[in-house]
Amino acid sequence: IYLSTQHRYPRLCYHRGGKEPEGRYFGPYPSGHAVRESLNLLQKLFKVRQCDDHYFRNRSRPCLQYQIKRCSAPCVGNISDEAYQASVHYTQLLLEGNNEQVLDDLIIKMDQAAQALAYEEAAQYRDQIRALRHVQETQYVEGLEGNADVLGVAIGGGASVVNLLCVRQGRIVGSRNYPVKLGRQSGLGEGAVEGEGEGEGEEKKRAEALVLETFLPQFYIGGCMSAGRGSTDALSAVDMKRDIPDRIIVDTVVEGAQVLTQWLSEQVGRKVRLEAYVRTSKAAWLKMARLNALNYLESYLSSQRSIHARFSELQRALGFDEPPVRVECFDISHTAGQNTVASCVVFDHNGPLKSHYRRFNISDITPGDDYAAMEQALTRRYLNVKQGEEPIPDLLVIDGGKGQLSMAYRVLRELQLDQVTLIGVAKGPTRRLGMEDIFRVEWASGEAHLCDFDAYPLALHLIQHVRDEAHRFAVVGHRAKRARSAKQSGLEEIPGVGPKRRQQLLKHFGGLREVKRASARDLAKVTGISSSMAETIYNYLHQ
């Protein structure tokens, strides 16, 4: 959160990036949602402007934010400099965590206004006090000062989760769950570690300590893979510019804690403590983090059981000897044949393998030819598979009917990948969701036969899930490509027309539409455009 304190009427706003503009910075926060929530609260409480400086300087009357009581309209002089600076002061105090000081000042001002018979002003202070009290109540626990990361652990079903509760300036500003995968050497089996007996309690503590010993160095030192690079259990490497708190609160003793805290203290230039077996307010935060981790773990395990059940039923539906390990699906997306993009998504027994997703920009085909687009995408993908760069899927799903399926069969046949089971998902006669037709190719004849999935609803749900994910991934890629195309002037691909000439053309004619309307003679009047170049531009724009 950025506060432009150098201005006469400071602006409060969301900020990403370096601390380049002069002013006060608060954060960083664990998520954009936490920032927006804080800004929304401050808007209601103190009405400090959040509009940019250009908008602020050009106002002649109050905007909608003033009308809905989210701004005091300093742009048109609706508030005195002293009153606005007081609002800015309270905003800073609240962001610094000095809630009680703000409350005390507001109570005094409310009493003074009431004694002066300024009841409307007193009512405004009263409303601010109520709102602040409500914020404190929703925090559940008061009394923890400063910054802290509170780590709760939940273990069960062969999985473990760490919930990171972010406390900044005495307030919870965000929470995030991290699945942690332990190796076989950890000694933790598939059963849940949740006993309450003396021996079972010790085993649980040992398991939690092992999870934290794995998580802490990965998260704070960044000695792990980036979450965007692969496995679902990988933890994001942490840039050391992130906000390292004064305290890291856990509920069990962790081996190597002293080495970790010493290293962190050296990095941030102040004392960082790792605290275990805490009491009072800290214990309440820790209980909340453990509950968050447990809820996430239960949801995660339920999802995993559902995925495993779907794969098992898919095995029976397709007559496999064992459940398929790797499922891939392709889809094509375009708008009237333009900006065609093909998507490939991958699923395994853990669900989507997003690091294995691929998009293919399709070129050199007749616009709108989905068969040619599918052929190009499949050929590019499975040439890599044939060369050993990607694993061979057990099941290939094509989003399309018999035409697309026939094209896929021909590509795989040419690449001699006949061990892949090939099915297509076509819209049924009614074209309604859930009424799709599933076709399977027989490798011997190349014919596609309609499959009956009525007895296997979970298998059908899995195929629909894979198909929908491929469609989503293709549409996202297509929209991004279309947006990039829309930003181009249309002159980029003309031979000999570089940035300076494009700028001269657009500046001379006032836009691309007028450039297209211009004759070759008019184009030649532009500085830097010769007669031959004008002919080239005219012919390109009118081909």
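Look a little higher up for the structure.
Computed from a predicted structure; not experimentally measured. (Residues numbered from 1 in each chain as written. Predicted model: local features only at pLDDT ≥ 70, side-chain atom pairs only at ≥ 80, totals over all residues. Heavy atoms only, no water.)

Contact geometry for helix H1 (residues 32-46) and helix H4 (residues 81-95): axes closest at 10 Å, N-to-C directions at 145°. In the packing of H1 onto H4, the handedness of the crossing is right-handed. Contact residues: H1 offers Leu42, Leu45 and Phe46, while H4 offers Ser87, Tyr90, Thr91, Leu94 and Leu95. Considered class by class, the residues forming the contact of H1 with H4 number 6 nonpolar, 2 polar and no charged. (Axes fitted to C-alpha atoms, helices over the stretch in contact; angles between N-to-C directions. Helix = DSSP H or I, 4+ residues; strand = E, 2+ residues; numbered from the N terminus. Left-handed = near helix turned anticlockwise from the far one by under 90°. Contact = heavy atoms within 4.5 Å. Nonpolar A, V, L, I, M, F, W, Y, C, P; charged D, E, K, R; others polar.)

Because each turn of an α-helix spans 3.6 residues, side chains separated by three or four positions in sequence point in the same direction. Turning to helix H16 (residues 531-541), its buried residues number three or more, namely Met533, Ala534, Ile537 and Leu541. Projected down its long axis, H16 carries its buried residues within an arc of 100°, all on one side. Facing away from the buried side of H16 by over 90 degrees, the exposed positions are Ser531 and Ser532. Elements in contact with the buried residues of H16: helix H13 (499-509), helix H14 (512-517) and helix H15 (520-523). (Buried < 20%, exposed > 50% of the residue type's maximum accessible area, 1.4 Å probe, protein only. Arc of directions from axis to C-beta.)

This part is about the packing of aromatic side chains. For the structure shown, the criterion picks out 13 aromatic pairs. The interplanar angle of 55° and the centroid separation of 6.1 Å between the aromatic rings of Tyr9 and Phe56 together place this pair among those described as tilted. Here Tyr9, found in the loop between strand S1 (2-3) and strand S2 (12-13), pairs with Phe56, found in helix H2 (residues 53-57); they are 47 residues apart in sequence, far enough to count as distant. An identical accessibility class is assigned to Tyr9 and Phe56; each is buried. Feature note: the residues Tyr178, Phe215, Phe219 and Tyr220 constitute an aromatic cluster, connected by ring pairs. (Phe/Tyr/Trp six-rings, centres within 6.5 Å; stacked < 30°, edge-to-face > 60°.)

Moving on, we get to unusual backbone geometry. Although it is not a glycine, Asn339 sits at a positive phi angle of roughly 55°. Relative to the helices and strands, Asn339 resides in strand S10 (residues 338-348). Phi at Gln416 takes a positive value of approximately 60°, unusual for a residue other than glycine. Relative to the elements of secondary structure, Gln416 occurs in the loop between helix H11 (402-414) and strand S14 (421-426).

With 32 residues, the main nonpolar core has Ile1, Leu12, Tyr29 and Phe46 as its most contacted residues. Of all the secondary-structure elements, those providing two or more residues to this core are H1, H4, helix H5 (99-115) and helix H6 (119-138). Top element by residues in this core is H1. It accounts for 7 residues. Of all hydrophobic cores here, the second largest spans 29 residues; its members include Phe360, Leu396, Tyr409 and Ala426. (Core = buried A, V, L, I, M, F, W, Y, C linked by side-chain atoms within 4.5 Å.)

You can see Ala73 is positioned in the loop between helix H3 (64-67) and H4. Ala73 gets classed as buried once you look at its relative accessible area, which sits at 1%. When the C-alpha atoms of Ala73 and Phe56 are compared, they prove to be 9.3 Å apart, with 17 residues separating the residues in sequence. Non-local contacts of Ala73, meaning those with residues more than four positions away in its chain, are made with Pro62, Tyr66 and Asn78.

Where helix H10 (residues 370-386) meets H11, the axes come as close as 9 Å, and the angle between the chain directions of the two elements is 30°. Taken together, H10 and H11 sit at an angle that is classed as roughly parallel. In the packing of H10 onto H11, the handedness of the crossing is right-handed. Across from Asp370, Tyr371, Met374, Glu375, Leu378, Thr379 and Tyr382 in H10, the residues of H11 making contact are Gly403, Gln404, Met407, Ala408, Arg410, Val411 and Leu412. Across the contact of H10 with H11, the residue classes break down as 8 nonpolar, 3 polar and 3 charged. (Parallel < 35°, antiparallel > 145°, perpendicular 65-115°, else oblique.)

Next up on the list: the pairing of strand S4 (residues 148-156). Among the 9 residues that make up S4, 9 are buried, leaving the element largely enclosed by the rest of the structure. In S4, alternate side chains face the same way, and those of Ala148, Val150, Gly152, Ala154 and Gly156 on one face and Asp149, Leu151, Val153 and Ile155 on the other are all buried. As judged from the 9 bridges shared by S4 and strand S5 (residues 159-168), these two strands associate in the antiparallel manner. What sits directly across from Gly156, in S5, is Ala159. Two successive antiparallel strands, S4 and S5, enclose a turn made up of 2 residues, where Gly157 displays a positive phi of approximately 60°. With 3 bridges connecting them, S4 and strand S7 (residues 247-249) associate as parallel partners. (Pairing = 2+ DSSP bridges.)

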